[in-house]
Amino acid sequence: MSIVSKIKTGLDRIILSVASILLLILVLGAIWQVVSRYVLGSPSTFTNELLGFLLIWTSLLGASYAFGSNQHLALTFATNKLNKKGQLATTIFVDLIIVLFAVVFLIIGGIDAVNITSVQTTPILGISKGLVYSIIPISGFIIIIYKLLGISSYKKIDQEEGE
Amino acid sequence: MDATLLATIVLFGTFFLLLILGVPISVGVGVSSILAGLTLVPLEMITFTAAQKLFGGINSFTLLAIIFFMLSGSIMNNGGIAIRLINLAKLFVGRLPGSLAHTNVVGNMLFGSISGSAVASAAAIGSVMNPLQKKEKYDPAFSAAVNIASSPAGLLIPPTTAFIVYSLVSGGTSISALFMAGYLPGILMGLSIMIVAYFIARKEKYPIAEKVNFKQGLAVVLDALPSLSLIVVVIGGIVAGIFTATEAAAVAVVYSMILAAIYREIKLNHIPKILKETIVMTGVVLFLVGTSSIMSWVMAYAGIPQYMTDFLMSISDNPIIILLLMNVILLIIGTFMDITPAILIFTPIFLPIVTNIGIDPVHFGVILVFNLCIGITTPPVGSALFVGSSVANVPIERIIKPLFLLYIPLVITLFLVTYFEWISLFIPRLLGLL
Amino acid sequence: ACSNNETANTGDKSKVVKLAHNMNEDHVIHQALTSFASKIEERTNGSITFEIYPNGILGNETEILEQIQNGSVDMTKVSAGALESFSQEFSIFSLPYIFTSDEHYRKVMESDVAQDIYQSTTEIGFRGLSYFDSGARSFYTTNRPIETPEDLEGLKIRVMNSKTAINMVEALGGTATPLSYGEIYTALQQGVIDGAESNPTALTTGQHGEVTDYFSFTEHTNIPDIVVISEKLWNSLTEEEQKIFEEVAQETREEHTELWNKALDEAVEQAKEMGVTFNDVNKEPFIEKVKPLHEEFMKDENIAELMERINELK
Ligand code: NA
Ligand code: NA
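Residues numbered from 1 in each chain as written. Chains lettered and ligands numbered in written order. Predicted model: local features only at pLDDT ≥ 70, side-chain atom pairs only at ≥ 80, totals over all residues. Heavy atoms only, no water.

**Q** Would you explain the overall build of chain A in this entry?
**A** In terms of regular secondary structure, chain A is built from 5 helices and 0 strands. Reading chain A from its N terminus to its C terminus gives the helix and strand order α-α-α-α-α. The C-alpha radius of gyration computed for chain A amounts to 20 Å, which surpasses the reference 15 Å derived for 163 residues by more than 25%, pointing to a less compact arrangement than a globule. Residue burial in chain A is summarised as follows: out of 163 residues, 50% are buried. As presented, chain A carries roughly 7500 Å² of accessible surface, and 69% of it is formed by carbon and sulfur atoms. Separation of charge centres in chain A, based on 11 positive and 8 negative side chains, amounts to 5 Å. (Helix = DSSP H or I, 4+ residues; strand = E, 2+ residues; numbered from the N terminus. Rg over C-alpha atoms; globule rule 2.2 N^0.38 Å. Buried < 20%, exposed > 50% of the residue type's maximum accessible area, 1.4 Å probe, protein only. Areas by Shrake-Rupley, 256 points an atom, 1.4 Å probe, with all protein chains shown as cover. Lys, Arg positive; Asp, Glu negative; His and termini not counted. Charge placed at Lys NZ, Arg CZ, Asp CG, Glu CD.)

**Q** Looking at this model, I keep getting lost on the environment of S167 of chain B. Mind explaining?
**A** Residue and element names in this part refer to chain B. Relative to the elements of secondary structure, S167 occurs in helix 10 (residues 161-169). When its relative accessible area of 5% is taken as the criterion, S167 is described as buried. The spatial distance from the C-alpha of S167 to the C-alpha of T62 is 8.9 Å, given a sequence separation of 105 residues. With residues up to four places along the chain from it excluded, the contact list for S167 reads G172, T173, I175 and L178. (Contact = heavy atoms within 4.5 Å.)

**Q** I would appreciate a short explanation of the interface of chain A and chain C in the present structure.
**A** The figure often quoted for interface size is the accessible area lost as the parts come together. The interface is formed by 16 residues belonging to chain A together with 18 residues belonging to chain C. Considering only the side of chain A, the residues that lose the most area to chain C are I116, Q120 and I124 of chain A, jointly responsible for 32% of the buried surface there. If you look at where chain A meets chain C, you find 1 salt bridge. Close ionic contact of E66 of chain C with K129 of chain A constitutes a salt bridge, the shortest N to O distance being 3.0 Å. Counting across the interface, chain A meets chain C through 4 residue pairs in polar contact (both at pLDDT 80 or more). (Buried area = accessible area lost by both parts, 1.4 Å probe. Salt bridge = Lys/Arg side-chain N within 4 Å of Asp/Glu carboxyl O. Polar contact = N/O pair within 3.5 Å; in protein donor to acceptor, adjacent residues only side chain to side chain.)

**Q** What should I look at first to understand helix 6 (residues 99-115) of chain B in this one?
**A** Every α-helix carries 3.6 residues per turn, so stepping three or four residues along brings you back to the same face. All names here are of chain B. For helix 6, with 17 residues, the first-to-last C-alpha span of 23 Å sits near the 24 Å given by 1.5 Å per residue. When you tally the buried positions in helix 6, you get 17 out of 17 residues, the bulk of the element. Phi turns positive one or two residues past the end of helix 6, at G116, with a value near 70°. (Expected span 1.5 Å × (residues − 1).)

**Q** I'm lost on unusual backbone geometry in this one. Help?
**A** Across the chain, the bulk of peptide bonds are trans and the bulk of non-glycine residues have phi less than zero. Here P158 of chain B and P159 of chain B are connected by a cis peptide whose omega angle stands at -5°. Here P159 of chain B is to be found in the loop between helix 9 (153-156) and helix 10. Geometrically, the link from P379 of chain B to P380 of chain B is a cis peptide bond, its omega value of 0° lying close to zero. Positive phi is not limited to glycine here, since N70 of chain A has a value of about 50°.

**Q** What is the right way to look at the coordination of the sodium ion (ligand 1) in this model?
**A** Reference geometry at the metal: tetrahedral coordination by four donors gives ideal angles of 109.5 degrees; octahedral coordination by six donors gives 90 or 180 degrees. All names here are of chain B. Every protein donor of the sodium ion (ligand 1) is accounted for by G112 (O), S113 (O), G154 (O), I157 (O) and P159 (O), and the metal-donor separations fall at 2.3 to 2.9 Å. Here the donor residues for the sodium ion (ligand 1) map to a single chain with the spacing G-S-x40-G-x2-I-x1-P. Pair noted here: G112 is in helix 6 and I157 is in the loop between helix 9 and helix 10, with a separation of 45 residues, a long-range link. A relative accessible area of 5% means that I157 is categorised as buried. (Donors = N, O, S within 2.8 Å, 3.2 Å for Na, K, Ca; no water.)

**Q** It is not clear to me how empty space enclosed by the protein should be interpreted in this structure. Could you clarify?
**A** It is the rolling of a water-molecule-sized probe over the atoms that shows where space remains empty. Per the stated rule, a full pass over the model turns up 5 cavities of 30 Å³ or more. Approximately 70 Å³ is the volume found for the largest cavity. If you trace the largest cavity, you find it lined by Q33, R37, P43, S44 and N48 of chain A, T244 and E247 of chain B together with T177, P178 and L179 of chain C. Residue assignment for the lining of the largest cavity shows that the elements contributing at least two residues are helix 1 (3-38) of chain A together with strand 7 (175-178) of chain C. (1 Å grid on protein atoms, 1.4 Å probe; cavity = no way out; pocket = protein on both sides within 12 Å on 5 of 7 lines; lining within 4 Å. Points joined across faces, edges and corners; volume = space filled by probe spheres on them.)

**Q** Is there a simple way to explain the interface of chain A and chain B in this structure?
**A** Listed as interface residues are 54 residues of chain A and, on the opposing side, 56 residues of chain B. A combined buried area of about 4800 Å² lies between chain A and chain B, and 83% of that area is made up of carbon and sulfur atoms. Considering only the surface of chain A that becomes buried against chain B, L73, L75 and F105 of chain A emerge as the three largest contributors, covering 15% of it. Remark: the boundary between chain A and chain B carries 0 salt bridges. Applying the counting criterion to the chain A and chain B interface returns 3 residue pairs in polar contact (both at pLDDT 80 or more). Among the elements that make up the side of chain A that touches chain B, the one with the highest residue count is helix 3 (residues 84-117) of chain A (15 residues). A breakdown of the residues in the side of chain A that touches chain B according to their chemical character gives 38 nonpolar, 13 polar and 3 charged. (Nonpolar A, V, L, I, M, F, W, Y, C, P; charged D, E, K, R; others polar.)

**Q** When you look at the UniProt feature "transmembrane region" (unreviewed entry) in chain A in this model, what are you seeing that I'm missing?
**A** All names here are of chain A. Those places that UniProt annotates as "transmembrane region" (unreviewed entry) correspond, in this numbering, to residues 14-35, 50-67, 88-111 and 131-149. For residues 14-35, helix accounts for 100% and strand for 0%, while the C-alpha atoms at its two ends are 32 Å apart. What you have in residues 88-111 is 100% helix and 0% strand, and the ends, taken at the C-alpha atoms, are 33 Å apart. (UniProt positions renumbered as here; feature names shortened; annotations may be inferred.)

**Q** When you look at the packing of aromatic side chains in this model, what are you seeing that I'm missing?
**A** The geometry of two aromatic rings is summed up by the distance between their centres and the angle between their planes. Residue and element names in this part refer to chain B. One pass over the full model with this rule turns up 28 aromatic pairs over all chains. Between F16 and F336, the aromatic rings sit 5.8 Å apart at their centres with planes inclined by 75°, giving edge-to-face as the arrangement. One end of the pair, F16, is in helix 1 (residues 3-20); the other, F336, is in helix 16 (residues 319-336), with 320 residues separating them in the sequence. Overall, F16 belongs to the partly exposed group, its relative accessible area being 31%. Here the aromatic rings of Y198 and F199 are separated by 5.3 Å at their centres, their planes lie at 85°, and the arrangement is edge-to-face. (Phe/Tyr/Trp six-rings, centres within 6.5 Å; stacked < 30°, edge-to-face > 60°.)

**Q** Please clarify how the sheet that holds strand 6 (residues 156-159) of chain C should be interpreted in this entry.
**A** Note on sheets: strands pair through backbone hydrogen bonds, and any given pair is parallel or antiparallel. All names here are of chain C. Taken together, the 6 strands give an open sheet; going across it, the order is 7-6-8-5-9-11, and neighbouring strands pair in mixed fashion. Since the sheet does not close on itself, it has two edges, and those belong to strand 7 and strand 11 (277-280), each with one partner. Pairs of neighbouring strands in the sheet enclose a mean axial angle of 35°, with direction left out of account. Note: strand 5 (residues 137-141) against strand 9 (residues 214-221), 4 bridges, orientation antiparallel. Residue pairing across strands places R137 opposite T221, the latter belonging to strand 9. (Pairing = 2+ DSSP bridges. Axes fitted to C-alpha atoms, helices over the stretch in contact; angles between N-to-C directions.)

**Q** Which parts of the structure should I look at to understand the coordination of the sodium ion (ligand 2)?
**A** Residue and element names in this part refer to chain B. Taken together, the protein ligands of the sodium ion (ligand 2) are G334 (O), T335 (O), G375 (O), T378 (O), T378 (OG1) and V381 (O), with distances of 2.2 to 2.7 Å. Each of the 6 donor atoms bound to the sodium ion (ligand 2) contributes to angles spanning 69 to 170°, and the resulting shape is irregular. In primary-sequence terms, the residues that donate to the sodium ion (ligand 2) follow G-T-x39-G-x2-T-x2-V. For G334, a relative accessible area of 0% gives the class buried. Accessibility expressed as a relative area gives 24% for T335, which makes it partly exposed. (Tetrahedral: all angles 85-135°; square planar, octahedral: opposite > 155°, others 65-115°.)

Printed below as a string of structure tokens:
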């Protein structure tokens, strides 16, 4: 296994493990909310806010992973009609757009958002809202790492063309 | 140029351009929103607001239901539930000419109802039904078409994530009311396909299944009962007010785990695969929800919904014409766009228009989802079409012809649902949800 | 680009103020803010104009405050409750029975205590300009009226997502259930909750009167609506313009109070037609019950000082 695919496998494994744990907490937390209301008669007051935040973390980790494995919904009926060279060109273009998007939207915008919201404490848990927001720039960095690791696959597409 | 018009052109122009070039829809939504936003405010404002809306769009307790329904759907796909529901469906409709086609439709309605996914249903039911039909000399293109056309019924029959997404973007339309409103249209969708299938089967002399005796029938019902009671628990729990839609979805996860344990079809080593499937689907869908909320912010900031309303109302203020126009637009959108992004992007534009002409938001939710259900079965982009074609192992070109025949009942049902609001609103009204 | 865009095109020199809020266009708040905008446009001879974004189209209260911090929005109206997570000093308004009467409430709101609280957020990019009366909040319930704190025992009461509100309901013996506003109607209808707390207009604007049997005037909190202005805009105004903003805010408050009181009376009448029974309450036992909560708040030096100043205005 090449060093690149080793790094990618490691990164995949970390993200999936963290997201799986968060997913299980989400299920248990929602069940706890039902149980606390009906069985214990005192509704849990913290789950609503906590689960909302964990949902964002789980989704953005899942989204980052899906960028790594090219699983986001996209239309390919037009680009599929191109020849290998055209496909390589559009693949590079798409990746560039994704990187641009990650830099402007997730990293720059995300860091702004972390700064602006760091003055707020969340109403129920009393934690810094900036902390919750930090997953946005984090996911931006993960996506960029994935796209950098993916560059080596361009060569493969190009070589296939040569065959 | 008028600022709103400029923003509209930039927004949709870059969006469709990026889409054609194969950029992921969520990224296309995000990038075109930023560019359109730049025509209105400086860059540092749009980048912050984009991040804020991404966060705010996902930060909703209601959306948690989507993760849970995906997880329970994934457990069910791996849990031996499909075959039990197929046996049950066969018991109901097996005595009709072309019984396997009807079994396929009812199987999709039952399985789709529980799993809430047209794609999962087309795959799970189709992969069992298509080989059986082949053995009985059905035209494989016809059986694939029936499977594909009926697979979205479960997106209307509750529980269904399509209505959860709609509830959220429409500003809190009652999920219970939407769920109840989907029943009749979803059942009609299935029935209308069965009617056409009936005539084709008679013409082609497709066989009728053998009679089953009472004892066999009872065994089939008992075997399917635990799966069916999931519907009772989830929908009953929501309508009776025992739990919210989100909590019901969490209950569905636990219930489907218990089912899988009873049926003994899920092994421990399936669990990472199920979790991974759910995390990817969640990431894809909720990221789209997040980026779409920046798009709706930009549209609101630029005044696009108002602009569109004025434009459409200037064509006609007759509700019949406006609904007709909307159905045409939504069918076209559906040909290339998946359900969730289409709901997210077009609800903020269309909802103000229809409420303006006195259409109930619940009724409109059903119309919208019905249109987009047809969309996922059409080329060039249709998730149900792709999956249905691949499990049947029949190329799309061959499926198109029989599929076109099935679009006729689908579109007729769509128009019935559009113009007779009681088809949607009868049950929610009966239950006092409206 | 929005509801007031006809006023936005008065020329390149005019400063355009983006004002966002989350009330619908029929609400008295929208009327008051519209009047605020047109008066300022008039008195500055069009050198300051407004674009109003109603209905929460730009976001919820917290999001709009963040957009003000970022600079894409200039002004808003939010409940003082929404400001709690930005500055603890605003949480004082959510403390039950901090005001002993309507006069006491008004006196405080027009004193420099309120001014000091308004300015507690200047460092993070905005300040309070003025307030609108938002009525006293009371309990409304489905099965029994609330006459004493004991009546709240075992009842699930919906509260806003606020620590102070949760603590208040719990201090009074109820079971606090945080839910979003949009969920209240079905939750009341289906018995997920037994009651909620707000002013009487909640019965009509949110249609909650259809699923409520009793409204008990416990009047436990008086949480004002705060008109918020960004520091960026405020500091860019000339002294004269700042004075106009303050004067007009005062005038529109008076207009609003009149409209608001009328709206409250109408809401009560309408709710009675919906079948809601209203009852007055002896507040003494309630005030007794929340004393520990006041003591808890007094532990914070800043808050303790503010509370003393508020008490002096009784
Ligand atoms: Na369903
Ligand atoms: Na399609």
